[in-house]
Amino acid sequence: MNILWMFSIALGGALGSISRFGISSLLNQNHPWGTLSANVMGSLILGGLFATTKQGMLSSESPFYAFLAIGFCGAFTTFSTFSLEVFQILGDGKWLSAFGHIIANFTLSFGAIYAGYFFLMSFFK
């Protein structure tokens, strides 16, 4: 990993996090539509990047890939990475593993939110 690659990731991450904040600020009123939008858009971008690397049009070692896939999508949404992982597992024909990955991510992540929230709430009482 060289300095250009790391700078590309950092710049993409900064722009991704600012973009996520912006879209959430605009759309999250009565429901987290901004979050859903960011997750779907990030998944769309990452899916497109995955396709371009599979077709040999873009190298996953390029600074542009680092900027967009790792930096921007990583900060804009981690759900896009999760979606790509499930897509790849399904592509390998491992339906049970994909289903397990989905269930584990949702239940463990939600459980962690729940645990962290209630742990800290009880700590600050």
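These lines cover the structure that appears in this document, whether it is placed above or below.

Conventions adopted
The numbers attached to residues start from 1 for each chain and follow its sequence in the written order. Since the coordinates come from a predicted model, pLDDT governs what is reported: local features require at least 70, and pairs of side-chain atoms require 80 or more to be given and counted, while whole-chain, interface and lining totals use all residues. Calculated side-chain values reflect all of the structure's heavy atoms, with hydrogen atoms and water omitted. Only DSSP runs of H or I with at least four residues qualify as helices, and only runs of E with at least two residues qualify as strands; both kinds are numbered from the N terminus onward. Think of it in three bands: with a 1.4 Å probe and only protein chains considered, a residue is buried below 20% of the maximum accessible area for its type, exposed above 50%, and partly exposed in between. Any pair of residues with heavy atoms lying within 4.5 Å of one another is described as a contacting pair. The method behind every accessible area is Shrake-Rupley, applied with a 1.4 Å probe, and residues are considered shielded solely by the protein chains displayed. By this rule, a helix spans an expected 1.5 Å times one less than how many residues it contains. The arc in question is traced by the directions running from the helix axis to the C-beta atoms. Among buried residues, those of type Ala, Val, Leu, Ile, Met, Phe, Trp, Tyr and Cys that are joined through side-chain atoms within 4.5 Å constitute a nonpolar core. Axis lines are fitted to C-alpha atoms, over the contacting stretch for helices. Their N-to-C directions set the angle, which ranges from 0 to 180 degrees. Here is the rule for angles: anything less than 35 degrees is roughly parallel, anything more than 145 is roughly antiparallel, 65 through 115 is roughly perpendicular, and the remaining ranges are oblique. Each crossing gets its handedness from the near helix: less than a right angle anticlockwise from the far helix is left-handed, clockwise is right-handed. A patch consists of residues whose relative accessible area exceeds 30% and which take part in no salt bridge; residues with like charges are grouped when within 9 Å of each other, and nonpolar side chains (Val, Leu, Ile, Met, Phe, Trp, Tyr) when within 5 Å. By definition here, a salt bridge exists when the distance from a side-chain nitrogen of Lys or Arg to a carboxyl oxygen of Asp or Glu is within 4 Å.

The next thing to look at is the overall build of the protein chain. For the protein chain, the helix and strand inventory stands at five helices and zero strands. Each of the three principal axes of the protein chain carries a C-alpha extent, and together these read 55 × 35 × 30 Å. In the protein chain, buried positions account for 24% of the 125 residues. Long-range contacts, defined here as pairs at least 24 residues apart, represent 59% of the contacts in the protein chain between residues at least 6 apart. As displayed, the protein chain offers around 8,500 Å² of accessible surface, 73% of which is attributable to carbon and sulfur atoms.

Between the first and last C-alpha of helix α2 (residues 33–54) there are 31 Å, a value that for 22 residues agrees with the 32 Å anticipated at 1.5 Å per step. Listed as buried for α2 are Gly-34, Ala-38, Asn-39, Gly-42, Leu-46, Leu-49 and Phe-50. Angularly, the buried residues of α2 cover 135° about the axis, an arc narrow enough to put them on a single face. Among the exposed residues of α2, those oriented more than 90 degrees off its buried face are Val-40, Leu-44 and Lys-54. Along its buried surface, α2 packs onto α1 (3–27), α3 (63–76) and α4 (79–91). Of the residues flanking the end of α2, it is Gly-56, one or two places downstream, whose phi is positive at about 80°.

With that settled, the discussion passes to the nonpolar core. Of all hydrophobic cores here, the largest spans 13 residues; its most connected members are Leu-46, Leu-49, Tyr-65, Ala-69, Phe-72 and Phe-76. Among the elements of the structure, α2 and α3 are those that each provide at least two residues to this core. For this core, the element with the most residues is α3, which contributes six residues. Beyond its immediate stretch of four places on either side in the chain, Tyr-65 contacts Leu-49, Thr-53, Leu-58, Ser-59, Ser-60 and Ile-70.

Moving on to the packing of α2 against α3. Direction vectors running N to C along α2 and α3 enclose 160°, while the axes themselves pass 10 Å from each other. Compared by their axis directions, α2 and α3 come out roughly antiparallel. α2 and α3 meet at a crossing whose hand is left-handed. Across the interface between the two elements, Ala-38, Met-41, Gly-42, Ile-45, Leu-46, Leu-49 and Thr-53 of α2 pack against Phe-64, Tyr-65, Leu-68, Ala-69, Phe-72, Cys-73 and Phe-76 of α3.

Together, Met-1, Ile-3, Leu-4, Met-6, Phe-7, Leu-11 and Leu-15 make up an exposed nonpolar region whose accessible area comes to about 760 Å². Positionally, Leu-15 belongs in helix α1.

It is worth spelling out α3 at this point. Among all positions in α3, only Tyr-65, Ala-66, Leu-68, Ala-69, Gly-71, Phe-72, Cys-73 and Phe-76 are buried. Next to the buried residues of α3 lie α1, α2 and α4.

Honestly, that's just the spatial picture; any functional story needs more than this.
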